[in-house]
Amino acid sequence: ARRRARSSLASGTSSSAAKRSDALINLAVVVLVAGLVVGEGVLAALGVGLAVIFFIFLYRSNATVFRRVMHADQISSRTARSVAAVQALLGQAQRIVVLELNGPLFFGNTEVVQQRLDEHMRGAQWVVLGFRYCPVIDTSGVMLLKRLDATLGKSGRRLLLCDLPLHGQRREYLQNVGGEQLERDGLIFADMDSALRCAEDELLGGLGLLEQHDAEWPLAHFAMFRDMHAEAIARVAAVLERQSFAAGACIIRSGTEDHALYFLVRGSVSISTCTAGRPLRLASYSAGADALFGEMALLTRGTRSAHVHADTAVTVMRLTLPAFERLCSDAPALAVQLMLRMSGELSSRLLRMTHIVRELES
């Protein structure tokens, strides 16, 4: 707590100093222009003022071209993975580098961006370049990205561009001025989490640790039923509904009143929502011990707060509200046990959502 407090204080002090510095620079420009208006005239003052502002802009654009530079041990996708997979990603952390651009990517800073990229890409096989804080990309910026993609491709490495929403202005501009090959190769992602997941999957695939989920996961192996008697599990299984979905299908739609809990027994799904008009992937699950979703709507009887889509062909076992109520009536002790375990899972999910909010605010 003390470290966080000191970090917050230091961050606040740094932010205040930056604001004071900006205010002083702006004041100096105003004084300079006002003096020139009095001494040399409006046209001279306008020309000098524009030149000074342009050079200040160039300086700031080149001062900090990357907002953050991270590796796989500092940031990871919101994909549920096995302990072995997580350990492998941590052990191979330097092979994935994430860089967030800070400001426009244009003719005035492409050389500096290239230099900084060369410094941070050493030893990395996957380079994830984020555009969340990059409002503008010009032709020079697109040419830099194409050269970078070609250079990395020659050595078997990958460039992944993220935070470029589909049909967004920057993404369409990339396609229109020569970046269409990046789009065709699947190297552009709407958000950073999707790009990270792609890099992690490819890394784990190369290590032989990417989990395959063609076989159906037994219901008894779910964490929800751990240490539960076989008879109790069979009683729950008897009230479940089996459903199958094709890849890309919407399993749950936000805003609907689908009061049911889903056990993912085959395939993988992604859970997403929208924030500020942009899609945000909250988590991805593959069939396994903790692969269940929908517990909040079943417990609270509220509307769905997120979308769930099938990433692959999916099979689920669905516990509806009427079936759960019958279970409460016929086997109250078993129903209470399930409710307690669902509450524990919900608490863990809420804690993860808190981490996501902090990440988005950082």
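The structure under discussion appears in the preceding block.
Just so it is clear, the model here is predicted, and its values are computed rather than measured.

Draft legend 1. Structural view of the environment of Phe 263. Within the secondary structure, Phe 263 sits in strand E7 (residues 260-266). A relative accessible area of 1% places Phe 263 in the buried class. A sequence separation of 55 residues divides Phe 263 from Arg 318, and the C-alpha atoms of the two residues are 6.4 Å apart. For Phe 263, the contacting residues outside a window of four places in its chain are Leu 219, Phe 222, Met 224, Phe 225, Leu 240, Ala 291, Leu 292, Thr 315, Val 316 and Met 317.

Draft legend 2. Fine view of the nonpolar core. Counting residues in each nonpolar core, the largest one holds 49 residues, and the members touching the most others are Leu 105, Leu 129, Phe 131, Leu 160 and Leu 161. In terms of residue count, the dominant contributor to this core is helix H7 (residues 192-206) (7 residues). What Phe 131 contacts, discounting residues up to four positions off in sequence, is Leu 101, Leu 105, Ile 137, Leu 145, Leu 161, Cys 162, Asp 163, Leu 164 and Arg 170. Membership of the second largest hydrophobic core comes to 46 residues, among which are Leu 292, Phe 293, Phe 324 and Leu 334.

Draft legend 3. Summary view of the pattern of salt bridges. Considering all chains together, one arrives at 14 salt bridges under this definition. Among the salt bridges present, the one from Arg 81 reaches Glu 200, with a minimum N-O distance of 3.1 Å. Separated by 119 residues along the polypeptide, Arg 81 in the loop between strand E1 (66-71) and helix H3 (83-91) and Glu 200 in helix H7 bring together distant segments of the chain. Between Arg 171 and Glu 183 there is a salt bridge; the shortest N-O distance is 2.7 Å. Among the charged side chains, a network of salt bridges with common partners joins Arg 81, Arg 197, Glu 200, Asp 201 and Asp 311.

Draft legend 4. Main features of the sheet that holds strand E6 (residues 250-252). Spatial strand order, E6-E11-E8-E9: 4 strands in an open sheet with antiparallel pairing. The strands lining the two open edges of the sheet, one partner per strand, are E6 and strand E9 (278-286). In this sheet, neighbouring strand axes are inclined to one another by 30 degrees on average, regardless of whether the strands run parallel or antiparallel. As defined by bridge partners, strand E8 (residues 268-275) adjoins E9 across 8 bridges and the pair is classed as antiparallel. Looking across to E9, one finds that Val 269 is bridged to Tyr 285. Across the sheet, H7 touches E8 and E9, and the angle it forms with E9 is around 35 degrees.

Draft legend 5. Layout of the packing of aromatic side chains. Enumeration according to the criterion identifies 4 aromatic pairs in this entry. Plain terms: the ring middles of Phe 222 and Phe 263 are 5.5 Å apart, the flat faces sit at 80 degrees to each other, and that makes the pair edge-to-face. With Phe 222 in the loop between H7 and helix H8 (230-237) and Phe 263 in strand E7, this pair connects stretches of sequence that are 41 residues apart. Phe 222 sits in the buried class, given a relative accessible area of 1%. Where Tyr 262 meets Phe 293, the ring centres are 5.3 Å apart and the plane angle is 10 degrees; that geometry is what we call stacked. Of this pair, Tyr 262 sits in strand E7 while Phe 293 sits in strand E10 (residues 292-293), and the two are 31 residues apart along the sequence. In this structure, Tyr 262 and Phe 293 share a single accessibility class: buried. Taken together, the ring pairs connect Phe 222, Phe 225 and Phe 263 into an aromatic cluster. Taking NZ or CZ as reference, Arg 67 lies 4.1 Å from the ring centre of Tyr 133, over its face.

The rules behind these values
Residues numbered from 1 in each chain as written. Predicted model: local features only at pLDDT ≥ 70, side-chain atom pairs only at ≥ 80, totals over all residues. Heavy atoms only, no water. Helix = DSSP H or I, 4+ residues; strand = E, 2+ residues; numbered from the N terminus. Buried < 20%, exposed > 50% of the residue type's maximum accessible area, 1.4 Å probe, protein only. Contact = heavy atoms within 4.5 Å. Core = buried A, V, L, I, M, F, W, Y, C linked by side-chain atoms within 4.5 Å. Salt bridge = Lys/Arg side-chain N within 4 Å of Asp/Glu carboxyl O. Pairing = 2+ DSSP bridges. Axes fitted to C-alpha atoms, helices over the stretch in contact; angles between N-to-C directions. Phe/Tyr/Trp six-rings, centres within 6.5 Å; stacked < 30°, edge-to-face > 60°. Lys NZ or Arg CZ within 6 Å of the ring centre and 35° of its normal.

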